[in-house]
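Here is how the chains run, residue by residue.
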Amino acid sequence: MTARPNPSAEGPELTIEPFRPEWAPVFAQLNREWIERLFNLEPADEKLLANPHESIIVPGGQIYFARLSSDIVGTAAAVAHGPRRFELAKMAVAPAAQGHGIGRRLGEAAIAYARSMGAESVFLETNSRLTNAIHLYEQLGFQHRPSPVGSEYRRADVYMELTL
């Protein structure tokens, strides 16, 4: 399953769907592509990408996939960090599918999931080089906060939080 170029209103409808075990390799592929292109893959990345069912789904999180016809063109995870706190993580949209609101829809799905699970807040960590992503997070209602001590990601220099 690869990205289709230029999704449009004239083509197949884009759907946002929850995790299916057979899509785990696509989750890893989409995230590895952007991380390795811009940064270095870190142990925390490997933990989530190697076995997303065990590391995200079983502890109470969810992974969403953007599907265009039979092609997965994006993904995002809501990772549980206790009963009232979730992380928006591993958001990726295939380059050929970017610029069509897919990231927004994935982010909204992850936030809605966290809310449905009783979360009081959703946080994320990112890098200041990812200006388009940061702008999207701001549009979704995330606010910049001081970074907590002990991030699992060396590349993280931006911390944002959304109060639900």
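It should be noted that the structure appears before, not after, this text.
What you see is a predicted model; the values in this text were computed from it and never measured. (Residues numbered from 1 in each chain as written. Predicted model: local features only at pLDDT ≥ 70, side-chain atom pairs only at ≥ 80, totals over all residues. Heavy atoms only, no water.)

J.: Would you take a moment to explain the sheet that holds strand β1 (residues 14–18) for this structure?
T.: Read across the sheet, seven strands follow the order β1-β2-β3-β4-β5-β7-β6 without closing on themselves; strand pairing throughout is mixed. Every interior strand has two partners, whereas the edge strands, β1 and β6 (143–145), have only one. Neighbouring strand axes in the sheet, compared pairwise and without regard to direction, differ in orientation by 30° on average. Alignment of β1 against strand β2 (residues 62–68), held across five bridges, turns out to be antiparallel. By the bridge assignment for β2, Glu17 is matched with Phe65. Its contacts with the sheet put helix α4 (residues 102–116) on β1, β2, β3 (71–80), β4 (85–93), β5 (121–126) and β7 (158–163), and the angle it makes with β4 is roughly 160°. Helix α5 (residues 131–139) contacts β4, β5, β6 and β7 of the sheet and is inclined by roughly 20° relative to β7. (Pairing = 2+ DSSP bridges. Helix = DSSP H or I, 4+ residues; strand = E, 2+ residues; numbered from the N terminus. Axes fitted to C-alpha atoms, helices over the stretch in contact; angles between N-to-C directions. Contact = heavy atoms within 4.5 Å.)

J.: I would appreciate a short explanation of the nonpolar core in the present structure.
T.: The nonpolar side chains of soluble globular proteins are, as a tendency, buried together. Phe86, Leu88, Ile102 and Phe142 are the most contacted members of the largest nonpolar core, which totals 31 residues. Of all the secondary-structure elements, those providing two or more residues to this core are β2, β3, β4, α4, β5, α5 and β7. Broken down by element, this core gets its largest block of residues, seven residues, from α4. Among residues more than four places away in sequence, those in contact with Phe142 are Leu88, Ile111, Val122, Phe123, Leu124, Tyr137, Met160, Glu161 and Leu162. (Core = buried A, V, L, I, M, F, W, Y, C linked by side-chain atoms within 4.5 Å. Buried < 20%, exposed > 50% of the residue type's maximum accessible area, 1.4 Å probe, protein only.)

J.: What is the right way to read the pattern of salt bridges from this model?
T.: Pairing between side chains of opposite charge can happen when the charged atoms of each approach one another. Evaluated as defined, the whole model comprises eight salt bridges. In this structure, Glu17 engages Arg67 in a salt bridge whose closest nitrogen and oxygen atoms are separated by 2.7 Å. Residue Glu17 is found in strand β1, and its partner Arg67 is found in strand β2; the two are separated by 50 residues along the sequence. On the accessibility criterion, Glu17 (11% relative accessible area) is buried. (Salt bridge = Lys/Arg side-chain N within 4 Å of Asp/Glu carboxyl O.)

J.: Sorry, what's going on with helix α2 (residues 43–50) here?
T.: Those residues of α2 that fall on the buried side of the exposure criterion are Ala44, Asp45, Leu48 and Leu49. Along the long axis of α2, the arc covered by the buried residues comes to 120°, so they all point the same way. Facing away from the buried surface of α2 by more than 90 degrees, the exposed residues are Pro43, Lys47 and Ala50. (Arc of directions from axis to C-beta.)

J.: Looking at this model, I keep getting lost on helix α1 (residues 24–38). Mind explaining?
T.: Relative to the 21 Å expected for 15 residues at 1.5 Å per residue, α1 spans 22 Å between its end C-alpha atoms, a close match to the ideal helical length. When we look at burial in α1, the residues that qualify are Ala24, Val26, Phe27, Ala28, Leu30, Asn31, Trp34 and Ile35. Against α2, α3 (52–57), β2, β3 and β4 lie the buried residues of α1. (Expected span 1.5 Å × (residues − 1).)

J.: Any chance you could explain the layout of surface pockets here in plain terms?
T.: To locate leftover empty space, one rolls a probe as large as a water molecule over the atoms. What the largest pocket holds in volume is close to 960 Å³. Lining the largest pocket are 38 residues, with Met91, Gln98, Asn132, Ala133 and Tyr137 positioned closest to its centre. Tallied by class, the residues present in the lining of the largest pocket amount to 19 nonpolar, eleven polar and eight charged. Its boundaries defined by the atoms lining it, the second largest pocket holds a volume of some 150 Å³. (1 Å grid on protein atoms, 1.4 Å probe; cavity = no way out; pocket = protein on both sides within 12 Å on 5 of 7 lines; lining within 4 Å. Points joined across faces, edges and corners; volume = space filled by probe spheres on them. Nonpolar A, V, L, I, M, F, W, Y, C, P; charged D, E, K, R; others polar.)

J.: Would you mind going over unusual backbone geometry with me for this structure?
T.: Glycine aside, the phi torsion of most residues is negative, and most peptide linkages are trans. Of note, Ser69 is a non-glycine position whose phi angle comes to about 60°, a positive value. Positionally, Ser69 belongs in the loop between β2 and β3. For Lys90, which is not a glycine, the phi torsion comes out positive at approximately 50°. Tracing the backbone through its elements, the reader meets Lys90 in strand β4. A relative accessible area of 8% places Lys90 in the buried class.

Interpretation in functional terms is not warranted from these geometric data alone.
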